[in-house]
Amino acid sequence: MPLCQLRLGQRLLRGKQGALGIEVRADATTLRASYGQQRVRLDGVAGDATNKMVSVGAEHHLSKRTMLYAVAEQLKNDRNAGFRPAASGGMKPNFTSAD
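Below is a short write-up of the structure.

1. A few points about the pairing of strand S5 (residues 67-77)
Strand residues, when the strand is regular, have side chains that alternate between the two faces of the sheet.
Stage number 1. For strand S4 (residues 49-61) and S5, the ladder comprises 11 bridges, and the chain directions are antiparallel. Note that in S5 the partner of His61 across the bridge is Met67.
Stage number 2. Taking the residues between adjacent antiparallel strands as the criterion, S4 and S5 are bridged by 5 residues.

Spelled out as structure tokens, the structure:
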């Protein structure tokens, strides 16, 4: 888990996070799943704030320019945490010009 640090005034915010994901492609369909967790500690404040997140998604190309996709995520915070999802479960937007 990578360690990150950020100074907030006189206090130091320390965090660790990790994620694992998988992507499976079959013809015009791609399935994705990921799991991640994060732990943050602020100096001078008792207890860590931790969360765990699971996401699954799928996309299916109907044609060269048309794609359907669906994503489901679940985020669980412990009693000290207030994290929120920032983006959909790893789906990659494809808004470039047509090939």
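2. Brief notes about the pairing of S4
Stage number 1. Pairing of strand S3 (residues 29-42) with S4 involves 12 bridges; the strand directions are antiparallel. Across the sheet, residue Arg39 finds its bridge partner in S4, namely Thr50.

3. Brief notes about the pattern of salt bridges
Stage number 1. Going through the model one piece at a time under the given rule, you end up with 3 salt bridges.
Stage number 2. Note that Arg25 is salt-bridged to Glu23, the shortest N-O span being 2.9 Å.
Stage number 3. The exposure class of Glu23 is partly exposed, given its relative accessible area of 32%.
Stage number 4. A salt bridge links Arg32 to Glu59; the shortest N-O distance between them is 3.1 Å. Pair noted here: Arg32 is in strand S3 and Glu59 is in strand S4, with a separation of 27 residues, a long-range link. In terms of burial, Arg32 and Glu59 fall into one category: buried.
Stage number 5. The network of salt bridges with common partners includes Glu23, Arg25, Arg32 and Glu59.

Rules of the game
Residues numbered from 1 in each chain as written. Predicted model: local features only at pLDDT ≥ 70, side-chain atom pairs only at ≥ 80, totals over all residues. Heavy atoms only, no water. Pairing = 2+ DSSP bridges. Helix = DSSP H or I, 4+ residues; strand = E, 2+ residues; numbered from the N terminus. Salt bridge = Lys/Arg side-chain N within 4 Å of Asp/Glu carboxyl O. Buried < 20%, exposed > 50% of the residue type's maximum accessible area, 1.4 Å probe, protein only.

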